[in-house]
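These are the residues of each chain, in order.
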Amino acid sequence: GTSVRIIKFVSLMVMSAHLCGCLWMLLIDMAQCQIPLDAGLPDSTSSCSCHGDNCQPLNWMVLYDEELAEDRSNDTSASKYLLSLYFTIMTLATVGYGDIAPTNDYERLYAVVLAMLGAMVFAFCIGSISNLATEGNRFEMVLESTQREVTDFMHFRGVPKDLQIRVRKHLNHTAKRAPHLVHPCLSLLPRSLRNEVIESVSRESVSGIKWFENMDGDFRSQLLALMRPLSLRPGESLFKALESATEMYIVVSGFLQVWDLDERLVVAKLGEGDVVGEIGLLEDALPYRTATVTARTECELLELQREDFHRHIKPLYPDAYQAIKELGQVRLKHLFLPDKLRAKFRAVSSTRTGTLREWKEQFLKSRAAVATATAQHAIIGVTTASNRLPMQAHTRQSKRGRSVSAFEAAAISITNLHASKSPATKLSPR
């Protein structure tokens, strides 16, 4: 995580400063720079060219503290190391107080290299710290990004403040109880490892629930991967009567109340480990809820959707699928449905489908009107053709020298009528 990376970064910095400080201290013995005794300290014009007894050492420590430099006992080793480390850190940090300064060409060259290295190290430190500050935890970044997107959408659409708070609370609760639903990182793991991770992060949610404790680990992990956590405040509704029923809920903590149709009388109470709404998983069950359920206290629940139940549980765990299905069927069989509930559902259904039925009736009426107009137009055409029948019959009789019956004359007129409507087809009577 972020803490581990910070520790690694600080350790690298301390080790670099330690090595540079040791090299700065070792440079005294490597250079062996000496100047004449009468040259004085410091003397920038002197070079390290003196050899013999009338010479004195010239280095940064002699310039800073001559007595400390001449003391070769182990008692001063710590002081010399701290002094060297102090100069290194001040140079790397580009602070440079100036109390310790190079005195010869070797030390100046090392100081130049150290200063250049310090510029790079300083830039690296600033960049690394900025990344650590902005990057943080990847999972937290995904959660914050999701919350910002949802918040921006709700602000744009003018969602009430109370509802915005509930949405953010639900996202935080989901991230805490089921992080695998927020970040798809677990999809990269094999099934065995994924089940272990889900078991670990969800253990707190299902601890104490007898149904989950008696499950085998494989089925429990698969079920927890499919179920979505849900939190309710006191008085908040889980679902209302006549709403669509497609989910089953397991109470993890807290207490719920089941109300009658008018929401005046509490007919049942639910607590930790109870199951509610399992009838909604059945494909041939009632399409609506038969009661209203609200939270009496702060509640946490797990939600299983019908689609996941049939798509994942049925093919992989047919025994568990059948047991849950039988539970729903038994409760459905002994479910009391008052006439008032049926009548209210019919009224709601009529409201839902009323406009569609009106559109259907309007369409049928318009088609009937078009058919009637078409039939009337055909009759008018036949009548017009019949009025021309005697003249056409007389003409054909004079041309062919034989009489034409009334039936043949009518057939000829109708044929000519169709031929006039379809130019591509030219027909003539025999």
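See above for the structure.
Worth saying up front: this structure is predicted, and the values here are computed from it rather than measured.

1. Examining a negative patch on the surface
Phase 1 of the analysis: Among the surface-exposed residues, D65, E66, E67 and E70 lie close enough to one another that they form a single negatively charged patch.
Phase 2 of the analysis: Checked against the element boundaries, E67 lands in helix α3 (residues 66-70).
Phase 3 of the analysis: Assessed through its relative accessible area of 67%, E67 is described here as exposed.

2. Comments concerning the sheet that holds strand β8 (residues 275-276)
Phase 1 of the analysis: Strand order in the open sheet formed by four strands is β3-β10-β5-β8, with antiparallel pairing between adjacent strands. Edge strands, defined here as strands with exactly one partner in the open sheet, are β3 (228-232) and β8.
Phase 2 of the analysis: Pairing analysis gives six bridges linking strand β5 (residues 247-253) to strand β10 (residues 299-305), with the strands arranged antiparallel. Note on β10: the bridge partner recorded for E247 is Q305.

3. Structural notes on the pattern of salt bridges
Phase 1 of the analysis: All told, the structure shown has 10 salt bridges when counted by the stated rule.
Phase 2 of the analysis: Across the pair K240 and E263 runs a salt bridge whose closest N-O atoms are separated by 3.8 Å. Here K240, found in the loop between β4 (237-239) and β5, pairs with E263, found in the loop between β6 (256-259) and β7 (266-270); they are 23 residues apart in sequence, far enough to count as distant.
Phase 3 of the analysis: Classification of K240 by relative accessible area gives partly exposed; the value is 34%.
Phase 4 of the analysis: Residue classification places E263 among the partly exposed residues on the basis of a relative accessible area of 38%.
Phase 5 of the analysis: With its nearest N and O atoms 2.7 Å apart, the salt bridge here joins R331 to E278. Highlighted residues: R331 in helix α13 (residues 318-333) and E278 in the loop between β8 and β9 (292-295), separated in sequence by 53 residues.
Phase 6 of the analysis: Given a relative accessible area of 38%, R331 falls into the partly exposed group.
Phase 7 of the analysis: It is possible to trace a salt-bridge network through shared partners that takes in D162, R166, R233 and E236.

4. Observations concerning helix α7 (residues 161-177)
Phase 1 of the analysis: End to end, α7 covers 24 Å across 17 residues, agreeing with the expected 24 Å (1.5 Å per residue, within 8%).
Phase 2 of the analysis: By the burial criterion, the buried members of α7 are Q164, L171, H173, T174, A175 and R177.

5. Quick look at the nonpolar core
Phase 1 of the analysis: F212, L223, L304 and I313 are the most contacted members of the largest nonpolar core, which has 23 residues in total.
Phase 2 of the analysis: For this core, the secondary-structure elements that each account for two or more residues are α9 (191-206), α11 (217-226), β5, β10, α12 (306-316) and α13.
Phase 3 of the analysis: Among the elements that make up this core, the one with the highest residue count is α11 (four residues).
Phase 4 of the analysis: Excluding residues that lie within four positions of it along the chain, F212 makes contacts with V206, R220, L223, L224, M227, I250 and L302.

6. Some remarks on the packing of α9 against α11
Phase 1 of the analysis: At a minimum axis distance of 9 Å, the contact between α9 and α11 shows a crossing angle of 75°. By the criterion of interaxial angle, the relationship of α9 to α11 is roughly perpendicular. For the pair α9 and α11, the contacting residues are R191, N195, I198, E199, S202 and V206 in the first and G217, D218, R220, S221, Q222, L224 and A225 in the second.
Phase 2 of the analysis: Taken together, the residues of the contact of α9 with α11 break down into four nonpolar, five polar and four charged.

7. Considerations on the packing of aromatic side chains
Phase 1 of the analysis: Summed over all chains, the structure comprises seven aromatic pairs.
Phase 2 of the analysis: Aromatic ring contacts, followed pair by pair, group W24, W60, F87 and Y110 into a single cluster.
Phase 3 of the analysis: Sitting over the face of the ring of F239, R289 holds its NZ or CZ atom 4.2 Å from the ring centroid.

8. Some details on the side chain of Q164
Phase 1 of the analysis: Note that Q164 resides in helix α7.
Phase 2 of the analysis: Judged by relative accessible area, which is 3%, Q164 ranks as buried.
Phase 3 of the analysis: Apart from residues no more than four positions distant in its own chain, Q164 is found in contact with M154, H155 and V159.

9. A few points about the pairing of β7
Phase 1 of the analysis: Pairing of β6 with β7 involves four bridges; the strand directions are antiparallel. Across the sheet, the residue bridging to Q257 is K269, located in β7.
Phase 2 of the analysis: Connecting β6 to the next strand, β7, in antiparallel fashion are six residues, including E263 with a positive phi near 55°.

10. Here's the deal with the pairing of β9
Phase 1 of the analysis: Burial along β9 is two-sided: the face carrying T292 and T294 and the face carrying V293 and A295 are both buried.
Phase 2 of the analysis: In terms of strand pairing, β4 meets β9 through two bridges, oriented antiparallel. Note on β9: the bridge partner recorded for F239 is V293.
Phase 3 of the analysis: Here β6 pairs with β9 via four bridges, running antiparallel. Each bridged residue has a counterpart across the sheet, and for Q257 the counterpart in β9 is T294.

11. Some details on unusual backbone geometry
Phase 1 of the analysis: For L242, which is not glycine, the phi torsion reads 80° and is therefore positive.
Phase 2 of the analysis: Topologically, L242 is positioned in the loop between β4 and β5.

12. Focus on a nonpolar patch on the surface
Phase 1 of the analysis: A grouping of I6, V10 and V14 is seen on the molecular surface, where their side chains present a nonpolar patch of about 240 Å² in accessible area.
Phase 2 of the analysis: Within the secondary structure layout, V10 lies in helix α1 (residues 2-31).

Cut-offs and rules
- Going along each chain's sequence as written, the residues are numbered from 1 onward.
- The model is predicted, so local features are restricted to residues of pLDDT at least 70 and side-chain atom pairs to those at 80 or more, both for listing and for counting; the totals for chains, interfaces and linings are taken over all residues.
- The basis for every side-chain value is the complete set of non-hydrogen atoms in the structure, without hydrogens or water.
- Exposure above 30% relative accessible area and the absence of a salt bridge qualify a residue for a patch, where like charges join within 9 Å and nonpolar side chains (Val, Leu, Ile, Met, Phe, Trp, Tyr) within 5 Å.
- All accessible-area figures derive from a Shrake-Rupley calculation using a 1.4 Å probe, and residue coverage is judged against the displayed protein chains alone.
- Salt bridges are defined by distance alone: a side-chain nitrogen of Lys or Arg within 4 Å of a carboxyl oxygen of Asp or Glu.
- Positive charges come from Lys and Arg alone, negative charges from Asp and Glu alone, with His and the N- and C-terminal ends not counted.
- Where a charge sits is defined by one atom per residue type, namely NZ (Lys), CZ (Arg), CG (Asp) or CD (Glu).
- Helical segments are the DSSP runs of H or I of at least four residues, strand segments are the runs of E of at least two, and each set is numbered from the N terminus.
- We call a residue buried when its accessible area falls under 20% of the maximum for its residue type, exposed when it is over 50%, and partly exposed in between, using a 1.4 Å probe and counting protein chains only.
- Paired strands, in this sense, are two strands between which DSSP finds at least two bridges.
- The length a helix should cover is 1.5 Å for every residue beyond the first.
- By nonpolar core we mean a set of buried residues, namely Ala, Val, Leu, Ile, Met, Phe, Trp, Tyr and Cys, connected to one another through side-chain atoms within 4.5 Å.
- We call two residues in contact when some of their heavy atoms are within 4.5 Å.
- The axes used here are C-alpha line fits, helices contributing only the stretch in contact, and every angle between their N-to-C directions lies in the interval 0 to 180 degrees.
- Comment on the angle field: the value is read as roughly parallel under 35 degrees, roughly antiparallel over 145, roughly perpendicular from 65 to 115, and oblique elsewhere.
- Gly is put with the polar residues, along with every residue not named as nonpolar or charged; the nonpolar set is Ala, Val, Leu, Ile, Met, Phe, Trp, Tyr, Cys and Pro, and the charged set is Asp, Glu, Lys and Arg.
- Between the rings of Phe, Tyr and Trp (Trp by its six-membered ring), a pair exists once the centres lie within 6.5 Å; its type follows the angle of the planes, with under 30 degrees stacked, over 60 edge-to-face, and the other angles tilted.
- We call a charge positioned over a ring when the NZ of a Lys or the CZ of an Arg lies within 6 Å of the ring centre and within 35 degrees of the ring normal.

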